[in-house]
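For reference, the chains in residue letters:
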Amino acid sequence: MVNIFFRGKVSKHLTHDFNSMIQIVILNSVGFYFLEFLVQYFTSQQLSASGLQIGLIYSILVVGHIFSSTFVGWITDKTKSKTTLIVIGSFGRGVSYFIIYFSIVYSNLVSIATGMFTLGFFAGFFWIPFDTLIAEKSDKNARSYAYGKRDSSIGIGILVGSVIGFSIFGILNFLIPTNWYLVYIGIPIFGFSNFIAGIQFIRKVDENIKY
């Protein structure tokens, strides 16, 4: 009862499209842990990559994020359309999933690293303007609640994605372990979910509506 009252009270401090915006993050988050596991699993088990090589692949992901973050923040402050940046980030991350998928299928370690860099690079385009919109669509007295809602949606996405992704991977890896096109099909599925998220953002979120 108290929780219902609290949520109703806090909702007065958010724009009417805030929840729609936050729920879209679920689609962007479904591949987080699943992809990290598969990249590490494949590079170590199938390509026999060394610990240094695996570490470099994940470092490249961070480098990509650092690289885009150095200028995306400035662009976010200057641009009139933060939605455009978010959609670019969402579609860019989706493309990176497909790069990683085909890199795995064709066993190309360099291409996997390229896909990871792309993923980190476009993460900056997504999260920086997205966090800005969270601030613009919430009252400063409910700002922590607003960012908590974002993290909650990320957690839901990771949970749902992990259940679906690992189920598909486990079943297909048991039945047809040599057919990598199908065993790793969860990666492009989650890449496609980023495309859907970008389209949904355009349809459901109006950045001109601010608190």
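What you see is a predicted model; the values in this text were computed from it and never measured. (Residues numbered from 1 in each chain as written. Predicted model: local features only at pLDDT ≥ 70, side-chain atom pairs only at ≥ 80, totals over all residues. Heavy atoms only, no water.)

*Asks:* Would you explain the overall build of the protein in this entry?
*Replies:* Scanning the protein from N- to C-terminus turns up 9 helices and 0 strands. The C-alpha radius of gyration of the protein comes to 19 Å, within 12% of the 17 Å expected for a compact globule of 211 residues. For the protein, the spread of C-alpha atoms along the three principal axes comes to 55 × 40 × 30 Å. Counting the 211 residues in the protein, one finds 45% classified as buried. Counted over contacts in the protein with a minimum sequence separation of 6, partners at least 24 positions apart contribute 83%. On the protein, roughly 10,700 Å² of surface is accessible, and the fraction owed to carbon and sulfur atoms is 66%. Positive and negative side-chain charges in the protein, numbering 15 and 9 respectively, have mean positions lying 5 Å apart. (Helix = DSSP H or I, 4+ residues; strand = E, 2+ residues; numbered from the N terminus. Rg over C-alpha atoms; globule rule 2.2 N^0.38 Å. Buried < 20%, exposed > 50% of the residue type's maximum accessible area, 1.4 Å probe, protein only. Contact = heavy atoms within 4.5 Å. Areas by Shrake-Rupley, 256 points an atom, 1.4 Å probe, with all protein chains shown as cover. Lys, Arg positive; Asp, Glu negative; His and termini not counted. Charge placed at Lys NZ, Arg CZ, Asp CG, Glu CD.)

*Asks:* Which parts of the structure should I look at to understand the side chain of Thr76?
*Replies:* Take Thr76: it is sitting in helix H4 (residues 51-78). At 2.8 Å, the side chain of Thr76 and the backbone oxygen of Val72 are in polar contact. When residues no more than four places from it in sequence are discounted, the contact partners of Thr76 are Lys82, Leu85, Ile128, Pro129 and Thr132. (Polar contact = N/O pair within 3.5 Å; in protein donor to acceptor, adjacent residues only side chain to side chain.)

*Asks:* Help me out: how do you make sense of the pattern of salt bridges in this one?
*Replies:* When charged atoms on two side chains of opposite charge get close, those side chains can pair. Here the structure, examined in full by the defined rule, presents 5 salt bridges. Residue Lys137 is joined to Asp17 by a salt bridge in which the shortest nitrogen-to-oxygen separation is 2.9 Å. Note that Lys137 is positioned in the loop between helix H6 (109-136) and helix H7 (143-175) and Asp17 in the loop between helix H1 (2-11) and helix H2 (18-29), a separation of 120 residues in sequence. Accessibility assignment for this pair places Lys137 and Asp17 in one class, buried. Through salt bridges that share partners, Lys82, Glu136 and Lys210 make up one connected network. (Salt bridge = Lys/Arg side-chain N within 4 Å of Asp/Glu carboxyl O.)

*Asks:* Just to check I follow, could you spell out the nonpolar core for this structure?
*Replies:* Most often, soluble globular proteins have nonpolar side chains that are buried together. Counting 26 residues, the largest nonpolar core has Leu35, Val39, Ile104, Ile112, Met116, Tyr184 and Ile187 as the members making the most contacts within it. At the level of secondary structure, the elements contributing two or more residues to this core comprise helix H3 (32-46), H4, helix H5 (82-105), H6, helix H8 (180-183) and helix H9 (186-204). Other than its neighbours up to four places away in sequence, Ile187 contacts Phe34, Leu35, Leu38, Tyr97, Tyr101 and Ile104. Met21, Phe126, Leu133 and Ala197 belong to the second-largest nonpolar core, a separate cluster that totals 19 residues. (Core = buried A, V, L, I, M, F, W, Y, C linked by side-chain atoms within 4.5 Å.)

*Asks:* Just to check I follow, could you spell out the confidence of the model for the protein for this structure?
*Replies:* In low-pLDDT regions, the fine details of the predicted coordinates are not to be read closely. Residues of the protein with pLDDT of at least 70 account for 95%, and the chain-wide mean is 90. Low pLDDT, under 50, characterises residues 1-9; the predicted model gives this stretch 2 contacts beyond four residues in sequence or across chains. (pLDDT = per-residue confidence, 0-100.)

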